[in-house]
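# Coordinate analysis (summary)
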There are 2 protein chains.
Amino acid sequence: MLKVDKKDPSSVGVVETKYFTFAQEDGGMPLQCGERLGPITIAYETYGKPNAEKSNAILILHALSGDAHAAGIHPGLDNPGWWDEMVGPGKAFDTDRFFIICSNVIGGCKGSTGPSSINPKTGQPYALDFPFVTIADMVNAQCHLVNYLGIDQLLCVAGGSMGGMQVLQWVASYPERVRSAIPIATTLKHSPQQIAFNEAARQAIMADPAWSNGDYYAYGQPEKGLSVARMIGHITFMSIDSMEKKFSRRLKNGTLSFSFEADFEVEGYLRYRGANFVKRFDANSYLYLTKAIDYFDLSGGKLIPPDKKISTKFLIISFKSDWLYPSQQSQEIVRILKRRHVDVTYCELSSTYGHDAFLVETGEQTNLIRHFLNNVYEERF
Amino acid sequence: MLKVDKKDPSSVGVVETKYFTFAQEDGGMPLQCGERLGPITIAYETYGKPNAEKSNAILILHALSGDAHAAGIHPGLDNPGWWDEMVGPGKAFDTDRFFIICSNVIGGCKGSTGPSSINPKTGQPYALDFPFVTIADMVNAQCHLVNYLGIDQLLCVAGGSMGGMQVLQWVASYPERVRSAIPIATTLKHSPQQIAFNEAARQAIMADPAWSNGDYYAYGQPEKGLSVARMIGHITFMSIDSMEKKFSRRLKNGTLSFSFEADFEVEGYLRYRGANFVKRFDANSYLYLTKAIDYFDLSGGKLIPPDKKISTKFLIISFKSDWLYPSQQSQEIVRILKRRHVDVTYCELSSTYGHDAFLVETGEQTNLIRHFLNNVYEERF
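Residues numbered from 1 in each chain as written. Chains lettered and ligands numbered in written order. Predicted model: local features only at pLDDT ≥ 70, side-chain atom pairs only at ≥ 80, totals over all residues.

The next thing to look at is helix 7 (residues 283–295) of chain A. Taking 1.5 Å per residue as the helical rise, helix 7 of chain A with its 13 residues ought to reach 18 Å, and the 19 Å between its terminal C-alpha atoms agrees with that figure. The buried fraction of helix 7 of chain A is high, at 13 of 13 residues. (Helix = DSSP H or I, 4+ residues; strand = E, 2+ residues; numbered from the N terminus. Expected span 1.5 Å × (residues − 1). Buried ≥ 20, exposed ≤ 12 C-beta atoms within 10 Å, placed from the backbone.)

As a further point, take the environment of Leu 77 of chain A. Tracing the sequence through the fold places Leu 77 of chain A in the loop between strand 5 (57–61) and strand 6 (87–88). As for Leu 77 of chain A and Val 14 of chain A, which are separated by 63 residues in sequence, their C-alpha atoms are 9.9 Å apart.

A few words on the environment of Ala 172 of chain B. The topology assignment puts Ala 172 of chain B in helix 2 (residues 162–173). For the pair formed by Ala 172 of chain B and Pro 305 of chain B, sequence separation is 133 residues and the distance between their alpha carbons is 8.0 Å.

Once that is clear, we can look at the relation of the copies chain B and chain A. Related by rotation about an axis and a shift along that axis, the two copies of the chain form a pair. With an RMSD of 0.0 Å, the fit of chain B onto chain A corresponds to turning through 180° and sliding 0.0 Å along the axis. Taken together, the rotation and translation describe the operation of a two-fold axis. When the interface residues of chain B are mapped onto chain A, 100% of them are again interface residues, pointing to one common binding face. (Least-squares fit on C-alpha atoms with pLDDT ≥ 70 in both. Contact = placed C-beta atoms within 7 Å.)

Before going further, it helps to spend a moment on the nonpolar core. Grouped together as the largest cluster of nonpolar side chains are 245 residues, with contacts concentrated most on Ile 60 of chain A together with Ile 60 of chain B. Sequence-distant contacts of Ile 60 of chain A, defined by excluding residues within four places in its chain, comprise Ala 70, Trp 83, Val 87, Phe 93, Ile 100, Ile 101, Cys 102, Ala 158 and Gly 159 of chain A. (Core = buried A, V, L, I, M, F, W, Y, C linked by C-beta atoms within 7 Å.)

A separate point is the pairing of strand 13 (residues 313–319) of chain B. Residue and element names in this part refer to chain B. Burial analysis of strand 13 places 6 of its 7 residues in the buried class, which makes it a mostly covered element. As judged from the 3 bridges shared by strand 12 (residues 180–184) and strand 13, these two strands associate in the parallel manner. Residue pairing in the sheet places Ile 184 in a bridge with Ile 317 of strand 13. When strand 13 meets strand 14 (residues 344–349), the two strands line up parallel, connected through 6 bridges. Looking at strand 14, one finds that Ser 318 is bridged to Glu 348. (Pairing = 2+ DSSP bridges.)

Below you can see the structure in the form of structure tokens.
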């Protein structure tokens, strides 16, 4: 991510995270696991302004380690939001035209209620008493936020990876409230290989004695385990080509150490990324969110039930070099939608960045998304 | 691996591991890192008989977690050697014709000198006092064994993965002693992605407090860390298709647990494989051997120095679904050999088993290898 010039006219500028808390009767919002969760706080940000009819609202959905801070800058911090190159005046999600919302998922650790939040029943962090949340539960909670903001129908829901799963779940759960959908680099369900990578990451966290069965908040995170989990993730986010370009076999110190120090730049990069991640992400959230991702399954007739007809328009994007979420998985979504006569545009971009492309390959995505959103907004379909 | 019928005529039957110990002056065999190691013990097995001229000897080289026990059965154990379907009477490596040798690498933990061996200077296990060994050091030690067995020239050196690296190193170090070479599913050097997977595995081991900076032999292994390391390995050994076929999204207990138990069969498989591995493999050996693999680099002019001409015949095999050691890496070896006018046959097999194919896809490998070895042996080239 690039540093943002505060006077950059293409930036939404300084933004702040807002919080919306809701409680439901009978102990909270019902979850798929059978339990209830409440009160629920959702951290969210908005960019741009709603029009009079509130028909220009777009909900952006983040990936596993993302948050509500999609664009602009927070006072005192240099790094802009995770999709800053995509959200702003004149950008793909044009804040001059559209009202953009991004919220942190429940189960996460960036302001929305999750395992590190205080359990009102005990006054202590939930830890593993936090109930299991699914992608559908995340979307139900987001729907409360959208209701609160007075939006009947979202012009678009958009996101990559786990964000793309939420896009698909919005269509499955609330088709009439979604005018268009942009699932990027995602899938209807995890393959066993995708589950396996998540499981290895979870085992790395749970293998760390500091994890203490999730009950570590008084003592500090299982940093080593979470760091290894993140290293596994980073390998899967990059392509062979992008790793070759970024690191090749270059040595950190010009010579082999004949020790277990990081010899190669790629080793140093993984260690750095792992060590940095533990400063900003909760290990229990990593466990809960990866499980939610693995459980997610809208295959078969579950995306659009057989008796339903939907009018949501789709733009589906995948990346040729993304071996974690290979294009075949996006093409499977396209096939299902086509069979149900849904209006769908599909594009496989030839980026070499692997799964990371949905975050960094912003130029080509911008061309596709800007055009698609303008058409949807002006009802050219 | 299948259980072996002790009277199976295609099995080499009951075999035993032998040990060869050698010491060199000045503190042992010189290593690439500048240190010396000695005395060195090499665990090895042989199958079939040498002919009068000892011109029918084939050296088989094992992969990261392999050992000297390539074929036949050990008394009291049901599982045959790791390449039993390839080594035996009438098999690819035909023990009716050839004298087969397989030895455990130095740095390993299956009988050859490694970090878990007793350091004669201290009377304690070497642990991290064990010097760094490279693939070239392993081959140098094997050469001592071959000398001891009275073999001037090996008819063939063959092996997959790290075994294939040793094959290439034999050619680089002792071209005149290798009549033919069969490197399978291997590479001239690890890509940054391959290094990254090994580094994540090493970090998983070293993150386990039980690792104790390698000094754990009095207390027991860093089982959790080593188990996670092995899980990472197993994911990379299989293809998306073979995982889909073996596990799909089948649940272990028919229903989602909404807990961190293993829900999916693939999760149970990884945990089982991880837990089993720690019973049979030393964590420090895993660290040393993965570093040796990452350091290995015979690219550029290093396989055959510019001033050398070699007469070794090559059969190179790769597997279409092997994404850990993709076919392009084998094709790079072919290109270099062709440019140097070396006699090389290359075959990409269409197995769906991923990197594991070199162990399990024995039918097609047998056809190729039997034909190749017969031609080499009968000097049909």
